[in-house]
Amino acid sequence: AAGAVLLLSVLVMVVVISADETEPTWTPPLVSKGANKTSMSLGDQVTFYIVVENPQNPIEDYWVVVPWYQVETIDVISPVLRIDDIGIIFYQGQPPLVDSVGNRVKVTVSRMDPADSFSLRIDCTLVGPVEEPYLIRNTAHVSYYVDEEGRLGIDHRSGEVTIGVGYFAVMLPVVLRSYTP
């Protein structure tokens, strides 16, 4: 009987250890991205919208809600688009810091408590050229730290935004001239 108790204790410890090695049970920051257009032509403008939030309520019943640190959102805009303007539309919590170099936009929030969020607007103009299949695809990424000691969380991606680009043939008048040497 003592051997059975010892074996049962070992099995319980194995289950507990393997449970600690599973996916984290915290609710991660959520990121979504959209655009105000689904198709465009050369010279057209498009506005991308990104929303990042630390949910107030757990997504799953067994998850917990915690603050996140150094929440960093990165969006690399297609080189066929020119960034005209970037702006924070709304934030709740600590103010986001926006940094842009070339077509890379980075937004950092030092701490996001549960229920904190921000939304970002990126205005662009299609300067082209766009290669076949004439689509612009774009995804925003969010990374974060689990605690103030700098343990890295998981990278989350928004859904992909796809915009079709139309090209139109333009008929130019042809003028024929005779040439006599």
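Thresholds, definitions, all that
Residues numbered from 1 in each chain as written. Predicted model: local features only at pLDDT ≥ 70, side-chain atom pairs only at ≥ 80, totals over all residues. Heavy atoms only, no water. Salt bridge = Lys/Arg side-chain N within 4 Å of Asp/Glu carboxyl O. Helix = DSSP H or I, 4+ residues; strand = E, 2+ residues; numbered from the N terminus. Buried < 20%, exposed > 50% of the residue type's maximum accessible area, 1.4 Å probe, protein only. pLDDT = per-residue confidence, 0-100. Contact = heavy atoms within 4.5 Å. Core = buried A, V, L, I, M, F, W, Y, C linked by side-chain atoms within 4.5 Å.

### Details of the pattern of salt bridges
Turning to step 1, where the next piece is worked out: Under the criterion given, the structure shown has six salt bridges.
Turning to step 2, where the next piece is worked out: One salt bridge connects Lys33 with Asp75, and the closest N-O pair in it is separated by 2.3 Å. Here Lys33 is found in strand E1 (residues 30-35), whereas its partner Asp75 is found in strand E4 (residues 68-76), with 42 residues between them in sequence. Here Lys33 matches Asp75 in class, with each residue buried.
Turning to step 3, where the next piece is worked out: Here Arg121 makes a salt bridge to Asp85, at a shortest N to O gap of 3.2 Å. Taken together, the positions of Arg121 in strand E8 (residues 117-126) and Asp85 in strand E5 (residues 81-92) put the pair 36 residues apart, joining distant regions of the chain.
Turning to step 4, where the next piece is worked out: When its relative accessible area of 23% is taken as the criterion, Arg121 is described as partly exposed.
Turning to step 5, where the next piece is worked out: In this structure Asp85 comes out as partly exposed when scored by relative accessible area, which is 38%.

### Points about the confidence of the model for the protein
Turning to step 1, where the next piece is worked out: Chain-level statistics for the protein give a pLDDT mean of 75 and a share of 66% at 70 or above.
Turning to step 2, where the next piece is worked out: Across residues 2-24, confidence stays below pLDDT 50; counting only partners more than four residues off in sequence or on other chains, it has two contacts.

### Things to note about the nonpolar core
Turning to step 1, where the next piece is worked out: In terms of nonpolar packing, the biggest core is built from 30 residues, with Phe48, Leu81 and Ile122 touching the most fellow members.
Turning to step 2, where the next piece is worked out: The element that contributes the greatest number of residues to this core is E8, accounting for five residues.
Turning to step 3, where the next piece is worked out: Setting aside its immediate chain neighbours within four residues, Leu81 contacts Met40, Val46, Phe48, Asn103, Cys124, Thr125, Leu126, Val127 and Ile136.

### Regarding unusual backbone geometry
Turning to step 1, where the next piece is worked out: In the segment running from Gly128 into Pro129, the intervening peptide bond is cis, with an omega of -10°.
Turning to step 2, where the next piece is worked out: In the segment running from Glu132 into Pro133, the intervening peptide bond is cis, with an omega of 10°.
Turning to step 3, where the next piece is worked out: Residue position: Pro133 is located in the loop between E8 and strand E9 (135-138).
Turning to step 4, where the next piece is worked out: Phi is positive for Ala115, which is not a glycine, with a value near 85°.
Turning to step 5, where the next piece is worked out: Counting through the fold element by element, Ala115 comes out in the loop between strand E7 (104-112) and E8.
Turning to step 6, where the next piece is worked out: Under the relative-accessibility criterion, Ala115 is labelled partly exposed at 26%.

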